[in-house]
Amino acid sequence: MDKKEVPLFGNVLVVGLGMIGGSFAKALKERGLATLYGADRRESELVLGVSSGVIDHPAMLSSEFIAKMDVIVLATPVRAMESVLSEIKPYLKPTTLLTDVGSTKGSVVEAAKQVFGDMPANFIPGHPIAGAEKSGVLAANSHLFENHMAIVTPLPVSNPVLVDRLHQLWMAIGADVVSMDVEHHDYVLASSSHLPHLLAYTLVDALANSDRSQDVFKFAAGGFRDFTRIASSDPVMWRDVFLSNKKATLATLDHFTERLAVMREAVEQGDGAGMFGVFTRAKSARDHFLRLLEHRTSGQAKEIKPISLRVSPVSSIKGEISLLGDKFLSHKAITLACLSEGISVLRNVDLSGDVLITLQAFRDMGVVIEQVAANQLRIHGVGLRGLKAPIAPINVHESIMSLHLLLPVLAAQTFSSKVIAEGVLLNRPMGNLFDLVHSMGSRLTPSAADCLPVALEPSALEGKVLVVPYGAELLDTTALLALLFLPEGARLQGGSTLEVNRDVFASFFIRLEGQEGGVALSGLPPKGNDITLPGDGMKAAWWMLLASLSPGSKLTLKNVFCERLSKAYWPLLKSAGANFSVQQGKEGGFEVAELIVSFAQLSPLVLNAEQVYEVRDMLPLLCVAAACSNGVSILEGINLLPYYDEDRVQYLVDALVQVGVGCEYHSGHLKIVGGFPAGGEMDCAGDYHLALAMLAIAVRGSGPTKVDDCQKLLNEFTELQEVAVRVGFHCAVAQ
C-alpha cells in the first residue's frame, strides 16, 4: 500500500475557531493543503468545527499536539495572546511556523517578548484584511480571503524561510500578500479600519441615547445602515483592539477631530466652497479606493467592446453649428484657473475626453471645481502654491495634453508626486518634455529611459532660460506654465507658437512680453476671471472638409478659434480650391471667426516639408482632401515629423489604399492620386485624428463605409452623433 501523501503545509493548528480562524481552516481544508486541527476554549465550537467540515480534528494546547505541528495560527483576541503563547511555549519547536491574524501587531510583538524574552525567529505576525460582522465557526467562509490583502509583518530576527512559507500559505488560499513593518501596519490600520469602527459604535450609541432616538432609527435609510454596518461587529474583539493599539488610534483620532472641527466651522460660517472642497477631495479619494478594490477583486480587466461607425456617401452637410470650446484651450484654461487667485467661471468648456483627466487631477489636488451647467465650470483657484498632495499617483491615462500641462505644475510643488499613464503613452519617449522640466531645476526621475511613470520631488527651482524646439506647441505651453513658478527674469527662448497661448494667458491677466531674445511673463500671479472659450479648431477643420467634399453642402460654423487654422490650414484649403468665406472678430479676448463653407471640387495639393510640419496635426485631413482631388498631390518631408505623426500618416496611407486610393510613400515623399474612393471597412486603431480622416473619406465613397475602433472618437467628440443628424451627415453606430 502506498504511503499516504503529506499535504503541502502538513499539520496546521488554528487556535480560536471564530469567523477568521474558521475561514482560514476551512480554506486550507477544502483545498487539501493541510491536515487541520482546531483549539478553542469553547468546546461547542470544536464540535461544530468538526461536524461542519471546518477542521479535521479537535486539539488542546498540550505537548501531544503542539510538538507535531508544522504551522500554528493564533486567531484569538489580541489581549488573550500572551496567555496562549505562555501555554504553547514549552512545546513549541523552532521549526514550526507560528503566526497570528490579529488586527494590531505592536501588542502581539510585546506579548511575545514578555513570554519568550525576545521575539522568536519562527513567530511571523500577520493580518488578513478581510472579515464580516458575523462571528463563530458557523460563519466560516472558505473564499473569504480570495482577492483580499494579507499583510505579513516580519521583524529583523524573523526566519526568512518561514517568512516565505507564510507568504505561500496566504497565497495558496487566494490572498494578495504584502509585507509591512509592525509600526506602519498599526498606524495604517488605525486609520483605515479601527477609526471607522470607533466612529460607527460612537454614532449609534450617541443616537440611541438622544431624545429623538426612536424617530432617528425609525426613519433612518440606507446611508445610516451602510455607515453603521460595522457597529454590528464583535464588541469584545474591538474593545481589545483599541486597548492594544492605543497610540496609533489616538493619533488618528486626533487628526480626525481636527478635520471635524474645520468642517463644523465651515457649516457654522456657511462656507459652501470649503465644504464642497472637502466633499470633492473625499469623493476623489473614495473613488480611488473603489478602483483599487475593483482591480483586486475583478480578477481580470473588463472587456471593452469596439465601436464602429457606418457612413453613407449620400450626405450633404447643411445647417449651422456653434462649436464647443477648443479642446487644448479647455485644458489650459482649467489649469490656469486652478492656479489663479480667486474664482473663475469658464463657459463653453469642452467637458469630454481627456479634458476630464486634467480636471480630475486638479480635483485630486484639492481644487474646488463646480460644474454649474452643461459646459460651464466655476473654479475656486488656490494660487500657485495652494495645491495639496494627491492621495495617489496622478494618472494621465493616454492624454499627452494633460501630461504636458500637469508636469511643470507638479514639479513646482512642495510635495512629492508621481505621474503614471496607460496604453500607448507608456511607451512614448518623453525626452524633450523631461529635459524641459529638468531645466526648471526640478528633481524628476523617470522609471525607464525617458518614459513614464515619472516621480517628482520638491526642489528649489532655479531655471533661468527654457529652450523649446521650433513648432512644438505643447512644449511652448509647458514652458510658459513653468515660468509661472520660476524666479523673476526667467524666460522662454525659441517658442514659435506663442500666439495660441497669448490670449488664454491674458484672460488670467498674465502678459507675454519680449525679453532678451525670449519671452517672459508679467502680471503674476494669475487672477480669476469670467471667460468664454472659442470653438474647437480641429473639429472646425473637420466640418469644413466634410462640407467641402459633400455635393450640395452649405454649412455655417460659428465661434471658430482662428489661431489653430488661419496660418496654415485655411490657406492650404484655399489653394486647393475650397469654397469658404471667413468673417473674423474678437470675442472675450480671443480671435474667433464665422465660416460659411460650400462644396467644391478640390485641386491637388503640393506641400513642402515646412508646410507639412506646420500643419502636422491636421495632416490626415489634408491627405483626405488630396485623395478626393482631381489630380496628383505631393507631400514632402513626412519623415521629418515626430515619429507618432509619421506613423499616423503611414497608417492612413495603408487605409486609403484599402478603399481604392492610389498612394505611394517612400523616404518621406508621399504621392496621392485623387479620384473616387470605394466604400469598405477601415480601422482607425483608436486614434482620434485617424477616425476623423476616415469618416471624411467615407462621404466620397462609392458605397457605405464602416470605420472600426471609434470608442475614443466618441469619448472626445461627444456631440458628434447629435450634430450629424442635425446637419445631414449620415453617420451612426454600426449594429
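Residues numbered from 1 in each chain as written. Predicted model: local features only at pLDDT ≥ 70, side-chain atom pairs only at ≥ 80, totals over all residues. Heavy atoms only, no water.

## As for the packing of aromatic side chains
The line we're drawing: What counts as a ring pair is set by centres within 6.5 Å for rings of Phe, Tyr and Trp (its six-membered ring), and what kind of pair is set by the plane angle: stacked under 30 degrees, edge-to-face over 60, tilted for all other angles. Numbering of helices and strands starts at the N terminus; helices are DSSP runs of H or I of at least 4 residues and strands are runs of E of at least 2. In this scheme, a residue with accessible area under 20% of its type's maximum is buried, one over 50% is exposed, and one in between is partly exposed, where area comes from a 1.4 Å probe on protein chains only. Placement of a positive charge over a ring is assigned whenever Lys NZ or Arg CZ falls within 6 Å of the ring centre and within 35 degrees of the normal to the ring plane.
One pass over the full model with this rule turns up 12 aromatic pairs. Ring geometry for Trp 238 and Phe 242: centres 5.8 Å apart, planes at 40°, overall tilted. Note that Trp 238 and Phe 242 are positioned in helix H10 (residues 235–244) at a spacing of 4 residues, about one turn of the helix. For Phe 242, a relative accessible area of 16% corresponds to the buried category. Aromatic ring contacts, followed pair by pair, group Trp 542, Trp 543, Phe 717 and Phe 729 into a single cluster. Lys 332 extends its terminal NZ or CZ atom over the ring of Phe 328, reaching a point 4.2 Å from the ring centre. Above the face of the Tyr 613 ring, Arg 616 is positioned so that its terminal group lies 4.3 Å from the ring centre.

## Brief notes about the confidence of the model for the protein chain
Worth spelling out the cut-off: Per-residue confidence from the predictor is reported as pLDDT, which spans 0 to 100. Contact definition: two residues touch when any of their heavy atoms are within 4.5 Å.
For the protein chain, mean pLDDT is 91; residues scoring 70 or higher make up 97% of the total. With pLDDT under 50 throughout, residues 299–304 is counted as low confidence; its partners more than four residues away or in other chains account for 1 contact.

## Some remarks on the environment of Leu 46
Looking at the secondary structure, you find Leu 46 in helix H2 (residues 43–51). Taking relative accessible area as the criterion, Leu 46 reaches 11% and is therefore assigned buried. In sequence terms Leu 46 and Gly 16 are 30 residues apart; their C-alpha atoms lie 9.3 Å from each other.

## Looking at the sheet that holds strand E17 (residues 451–457)
Hydrogen bonds along the backbone pair up the strands of a sheet, which may run parallel or antiparallel. Counted only if it meets this: For two strands to count as paired, DSSP must find a minimum of two bridges between them. A fitted line through C-alpha atoms represents every axis, and for helices the fit uses only the stretch in contact; the resulting angles, taken between N-to-C directions, go from 0 to 180 degrees.
If you walk across this open sheet you meet the 4 strands as E14-E15-E17-E16, and the pairing is mixed. The sheet terminates laterally at strand E14 (394–395) and strand E16 (443–448), the two strands that pair on one side only. Contacts between helix H15 (residues 400–411) and the sheet are confined to E14, strand E15 (417–420), E16 and E17, with E17 contributing the most and set at about 25° to the helix. The strands touched by helix H16 (residues 431–438) are E16 and E17; relative to E16, the strand with the most contacts, the crossing angle is about 155°.

## A word on the sheet that holds strand E3 (residues 57–58)
If you walk across this open sheet you meet the 5 strands as E3-E2-E1-E4-E5, and the pairing is parallel. Lying at the two open borders of the sheet, with one neighbouring strand each, are E3 and strand E5 (97–100). Relative to E5, strand E4 (residues 71–74) is paired through 4 bridges, and the arrangement is parallel. In the sheet register, Val 73 faces E5, and the bridge partner there is Thr 99.

## Examining the nonpolar core
For the record, the criterion: We define the nonpolar core as a collection of buried residues of types Ala, Val, Leu, Ile, Met, Phe, Trp, Tyr and Cys that are connected through side-chain atoms lying within 4.5 Å of one another.
Judged by nonpolar contacts, the single largest core of 83 residues is most densely connected at Trp 542, Trp 543, Tyr 569 and Phe 729. Ignoring sequence-local partners within four residues, the contact set of Tyr 569 consists of Ala 541, Met 544, Leu 545, Val 615, Met 618, Leu 621 and Leu 622. Residues Val 396, Ala 412, Leu 466 and Ala 472 belong to the second largest nonpolar core, which totals 74 residues.

## Re the pattern of salt bridges
Opposite charge on two side chains allows them to pair when their charged atoms are near. What counts here: What counts as a salt bridge is simple: a side-chain nitrogen of Lys or Arg found within 4 Å of a carboxyl oxygen of Asp or Glu.
All chains considered together, the criterion is met by 28 salt bridges. A salt bridge links Arg 378 to Glu 370; its shortest N-O distance comes to 3.7 Å. Relative accessible area serves as the criterion here: at 30%, Arg 378 is assigned to the partly exposed category.

## Here's the deal with helix H6 (residues 160–172)
Put simply, the test is: In this analysis, the expected span of each helix is defined as 1.5 Å times one less than the number of residues it contains. The directions from the helix axis to the C-beta atoms are what the arc is built from. Residues adjacent in sequence count toward polar contacts only when both atoms are side-chain atoms; beyond that, a polar contact is any pair of N or O atoms within 3.5 Å, and within protein one must be able to donate a hydrogen and the other to accept it.
With 13 residues, H6 ought to run about 18 Å at 1.5 Å a step, and its terminal C-alpha atoms sit 18 Å apart, in line with that. Leu 162, Val 163, Leu 166, His 167, Leu 169 and Trp 170 are the residues of H6 that are buried. Burial along H6 is one-sided: seen end-on, the buried residues are contained in an arc of 160°. Every exposed residue of H6 that faces more than 90 degrees away from the buried side is listed here: Pro 160 and Val 161. Buried residues in H6 make contact with helix H1 (19–30), E4, E5, strand E6 (126–128), strand E7 (149–152) and strand E8 (176–179). Among the residues of H6, the N-terminal cap falls to Asn 159, whose side-chain oxygen and the backbone nitrogen of Val 161 are separated by 2.9 Å. Positive backbone phi, approximately 95°, marks Gly 174, located one or two places after H6.

## Overview of the packing of helix H22 (residues 619–627) against helix H24 (residues 688–698)
As a reminder, the rule being used: Roughly parallel covers angles under 35 degrees, roughly antiparallel covers those over 145, roughly perpendicular covers 65 to 115, and oblique covers all other angles. The hand of a helix crossing depends on one turn: near helix anticlockwise from the far one by less than a right angle means left-handed, and clockwise means right-handed. When residue character is reported, Ala, Val, Leu, Ile, Met, Phe, Trp, Tyr, Cys and Pro are called nonpolar, Asp, Glu, Lys and Arg charged, and the others, Gly included, polar.
Across the interface, H22 lies against H24 with an axial gap of 9 Å and an inter-helix angle of 20°. By the criterion of interaxial angle, the relationship of H22 to H24 is roughly parallel. Judged by the twist between their axes, the crossing of H22 over H24 is right-handed. Only His 689, Leu 692, Ala 693, Ala 696 and Ile 697 of H24 make contact with H22, whose side of the interface consists of Pro 620, Leu 621, Val 624 and Ala 627. By residue class, the composition of the contact of H22 with H24 is 8 nonpolar, 1 polar and no charged.

## Re the environment of Ala 80
You can see Ala 80 is positioned in the loop between E4 and helix H4 (81–88). The exposure class of Ala 80 is partly exposed, given its relative accessible area of 28%. Between the alpha carbons of Ala 80 and Ala 111 there is a distance of 9.2 Å; along the sequence they are 31 residues apart.

## Quick notes on the side chain of Thr 228
On the secondary structure map, Thr 228 appears in helix H9 (residues 222–228). The exposure class assigned to Thr 228 is buried, which follows from its relative accessible area of 10%. In contact with Thr 228, not counting residues within four places along its chain, are Ala 200, Leu 203 and Val 204.

## Quick word on the pairing of strand E1 (residues 11–15)
Of all 5 residues in E1, 5 are buried; the element is thus mostly enclosed. Side chains Asn 11, Leu 13 and Val 15 project from E1 onto one buried face, and the interleaved Val 12 and Val 14 project onto a second face that is buried too. Here E1 pairs with strand E2 (residues 35–39) via 5 bridges, running parallel. Looking at the pairing, Asn 11 lines up with Thr 35 of E2.

## Things to note about the packing of H4 against helix H5 (residues 106–116)
Contact pair H4 / H5: the axes reach a minimum separation of 9 Å and the direction vectors enclose 35°. By crossing handedness, the relation of H4 to H5 is classed as right-handed. Note on element contacts: H5 touches H4 through Val 108, Ala 111, Ala 112, Gln 114, Val 115 and Phe 116, opposite Met 81, Glu 82, Leu 85 and Ser 86. In terms of residue class, the contact of H4 with H5 is built from 7 nonpolar, 2 polar and 1 charged.

## What about H1?
An ideal rise of 1.5 Å per residue puts 16 Å on 12 residues; H1 measures up with 16 Å between its terminal C-alpha atoms. Here H1 has its buried residues at Met 19, Gly 21, Gly 22, Ser 23, Phe 24, Ala 25, Lys 26, Ala 27 and Leu 28. Check the buried side of H1 and you find it contacts E1, E2, E4 and H6. Positive backbone phi, approximately 65°, marks Gly 32, located one or two places after H1.

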